[in-house]
Amino acid sequence: MNEIDRLKPSRLIVWDAKGEFADEGYAQTVGSVAELVRVVVAAGPSGAFKVAYRPKGTPAQVRRAFDLIATLAFEAKNLTFVAEELSEVCQGGQSDSAGWRKCITQGRTEGLTIYALSQRPALIDKNTLGNASLTRCGLLDWLPDAKLMAQKFRCKPEELLDMPELAFIQHTRGGITRGSMLS
């Protein structure tokens, strides 16, 4: 949310798993995937919109909706796409969404800024981690999550398990840095 405050995108799609982004006023909730599509199509290639979709249904329905919304984000171009609680649309650490794969492998050239968020990194699509231009991780509580992220940050898993509150490690193409959300 701090990044959205900083960037102030005029075109925003949020996969709002818990309704937090809508509740905080970052986007207007739409009731269906069809309504989200209507809003984005009506805005055209450069019009403004800030919409949030809160998934509902069976796990298979949720994954299908995510694929449709990711495909829409890719086709709409030039927008910010927030995927909150990405682990809900992955199975066994993999995503079967062709739309999401296009977003994370080709989205930068289509003007996409993507935020893939998860409390459980071991459960998300590993292609997301591998293609990220910036990865930030704070305190983790579970060793499998810490082991996975330690590979990305070239550190010991214990560092991620023992971090102070709001501290983070960040990986960019420029290297690895450490910091705190308090500073």
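Please refer to the structure placed before this passage.
Residues numbered from 1 in each chain as written. Predicted model: local features only at pLDDT ≥ 70, side-chain atom pairs only at ≥ 80, totals over all residues. Heavy atoms only, no water.

Participant: Is there a simple way to explain the packing of helix α4 (residues 59-76) against helix α5 (residues 98-106) in this structure?
Facilitator: Each pair of packed helices gets described by two things: the angle between the helix axes and the distance between those axes. Orientation of α4 relative to α5, taken along the N-to-C sense of each, is 35°, at an axis distance of 6 Å. Crossing geometry of α4 relative to α5 is assigned as left-handed. Side by side, α4 and α5 meet where F66, D67, A70, T71, A73, F74 and E75 of the first sit next to A98, G99, W100, K102, C103 and Q106 of the second. (Axes fitted to C-alpha atoms, helices over the stretch in contact; angles between N-to-C directions. Helix = DSSP H or I, 4+ residues; strand = E, 2+ residues; numbered from the N terminus. Left-handed = near helix turned anticlockwise from the far one by under 90°. Contact = heavy atoms within 4.5 Å.)

Participant: Is there a simple way to think about a nonpolar patch on the surface in this case?
Facilitator: Side chains of L166, M181 and L182 sit close together on the surface and give an oily, nonpolar patch of about 320 Å² of accessible area. Structurally, M181 is set in the segment after β8 (175-180). Given a relative accessible area of 43%, M181 falls into the partly exposed group. (Patch = residues over 30% accessible without salt bridge, like charges linked within 9 Å, V, L, I, M, F, W, Y side chains within 5 Å. Areas by Shrake-Rupley, 256 points an atom, 1.4 Å probe, with all protein chains shown as cover. Salt bridge = Lys/Arg side-chain N within 4 Å of Asp/Glu carboxyl O. Buried < 20%, exposed > 50% of the residue type's maximum accessible area, 1.4 Å probe, protein only.)

Participant: Got a minute to help me understand empty space enclosed by the protein in this structure?
Facilitator: Picture a little ball the size of a water molecule; that probe, rolled over the atoms, points out where space is still empty. Summed over the entire model, instances satisfying the criterion amount to one cavity of 30 Å³ or more. In this structure, the largest cavity encloses a volume near 40 Å³. Forming the boundary of the largest cavity are S95, S97, W100, R101, I104, D125 and N127. If one sorts the elements of the lining of the largest cavity by residue count, α5 sits on top with three residues. Its residues placed into classes, the lining of the largest cavity shows two nonpolar, three polar and two charged. (1 Å grid on protein atoms, 1.4 Å probe; cavity = no way out; pocket = protein on both sides within 12 Å on 5 of 7 lines; lining within 4 Å. Points joined across faces, edges and corners; volume = space filled by probe spheres on them. Nonpolar A, V, L, I, M, F, W, Y, C, P; charged D, E, K, R; others polar.)

Participant: Explanation requested: the side chain of D125 in the structure shown.
Facilitator: Among the structural elements, D125 can be located in the loop between β5 (112-116) and α6 (126-131). This buried residue, D125, is left without a salt bridge; R101 holds the nearest opposite charge, at 6.4 Å. Separated by 3.1 Å, the side chain of D125 and the backbone nitrogen of S95 make a polar contact. (Lys, Arg positive; Asp, Glu negative; His and termini not counted. Polar contact = N/O pair within 3.5 Å; in protein donor to acceptor, adjacent residues only side chain to side chain.)

Participant: Which parts of the structure should I look at to understand α4?
Facilitator: With 18 residues, α4 extends 25 Å between its outermost C-alpha atoms, agreeing within 8% with the 26 Å of an ideal straight helix rising 1.5 Å per residue. When α4 is considered as a whole, its buried residues turn out to be V62, R63, A65, F66, D67, I69, A70, L72, A73, F74 and A76. The inward-facing, buried residues of α4 abut β1 (11-15), α3 (33-43), β3 (49-53), β4 (79-83), α5 and β5. Following α4 by one or two positions, K77 has its phi on the positive side, about 65°. (Expected span 1.5 Å × (residues − 1).)

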